[in-house]
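These are the residues of each chain, in order.
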Amino acid sequence: MRSDYRINDLKRDTLWYVVGAPQTLHFKQIFEIARREGDKADFRHIPFGNILGENRKLMKTRSGENVPMRDLLEEAITRAEKIVAEKNPELSGPERKEIAKIIGIGAVKYADLSQYRMTDYVFSWDKMLALHGNTAPYLQNAYVRIRSIFRKNVVAPFSRGGARETGDSTRESTVATETNRVILAEPTELDLAKRLCQFAEIVPQVLNDFRPNILANYLFELANSFHAFYEACPVLKAEELARSSRLALCDLTGRVLQRALKLLGIEVPERM
């Protein structure tokens, strides 16, 4: 593997290769050759661990023991569609299929990115598609629950508090409160607010040693904090000013979940 094309033709000054750990020596040799030839780009090999089958044996692509990526993703979508159909049978066929695609592909991505990249992990359909635990469907379900809150919110005037939908493709909600402040009276409100404040600190850490699992772990903790808040604190039935404040917390949680999952290459559905 030569870097000439990337440096001379693509004009790149940073070359990162995400390839399995067994190729470490190979890349050390390639990078050393490039440096001796005068290339001054930022060469990095970003290794990762092995994916194991449920029998805990190494899955080897070259030996043909595992399925091609296209087949794997199609299987993930098929399995996700069954879960969606059981959870929300009133969904139309096209909507169910679109949601299943988001959930299935997201589950496969998250299963890989949520692990420390040098750790071997067992590939398990049941685990990665579970609606509970550190999985993409669990995080997506938290976002869907938030969207459900705003669909049920019947307060129309934007200036009087509550939420309205902007009408764009993401249908993100915009929240205004009468006092323009968030009230943190309950322990779960305070815990959720603190967790939200950590987002700006977490994102830069991902590039430290290339660890997207740090962001994944944060999202899992955020979803846990939100569910604890949701169970303990009524939102739409609360009295003002608590109601507007809790809507603001829900809105910000939804935005952080959506933005952070997007950083991991994972979409969120509006329903599931």
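Look up: the structure comes first, before these words.
Residues numbered from 1 in each chain as written. Predicted model: local features only at pLDDT ≥ 70, side-chain atom pairs only at ≥ 80, totals over all residues. Heavy atoms only, no water.

Attention now goes to the state of the cysteines. Scanning all chains against the criterion turns up zero disulfides. In this structure Cys250 is a free cysteine whose sulfur lies 9.4 Å from that of Cys233, the closest cysteine sulfur available. (Disulfide = S-S within 2.5 Å.)

Let's shift gears to helix H6 (residues 136-152). Relative to the 24 Å expected for 17 residues at 1.5 Å per residue, H6 spans 24 Å between its end C-alpha atoms, a close match to the ideal helical length. Burial analysis of H6 places 13 of its 17 residues in the buried class, which makes it a mostly covered element. For H6, the N-terminal capping position is held by Thr135, with its side-chain oxygen 3.2 Å away from the main-chain nitrogen of Tyr138. (Helix = DSSP H or I, 4+ residues; strand = E, 2+ residues; numbered from the N terminus. Expected span 1.5 Å × (residues − 1). Buried < 20%, exposed > 50% of the residue type's maximum accessible area, 1.4 Å probe, protein only. Polar contact = N/O pair within 3.5 Å; in protein donor to acceptor, adjacent residues only side chain to side chain.)

Core analysis: the largest hydrophobic core is formed by 36 residues, its most contacted members being Leu215, Tyr218, Leu219, Leu222, Phe226, Phe229 and Cys250. Elements with a minimum of two residues in this core: H6, helix H7 (187-197), helix H8 (199-205), helix H9 (212-232) and helix H10 (242-263). The greatest single-element share of this core, amounting to nine residues, is contributed by H9. Look past the residues within four positions of Leu215 in its chain and what remains in contact with it is Phe199, Ile202, Val206, Ala260, Leu263 and Leu264. (Core = buried A, V, L, I, M, F, W, Y, C linked by side-chain atoms within 4.5 Å. Contact = heavy atoms within 4.5 Å.)

We now examine the environment of Met272. Note that Met272 resides in the segment after H10. For Met272, a relative accessible area of 5% gives the class buried. Measuring from C-alpha to C-alpha, the distance between Met272 and Arg96 comes to 7.9 Å, with 176 residues separating the pair along the chain. Beyond its immediate stretch of four places on either side in the chain, Met272 contacts Lys87, Asn88, Ile99, Ile103, Leu131, Pro137, Gln140, Asn141 and Val144.

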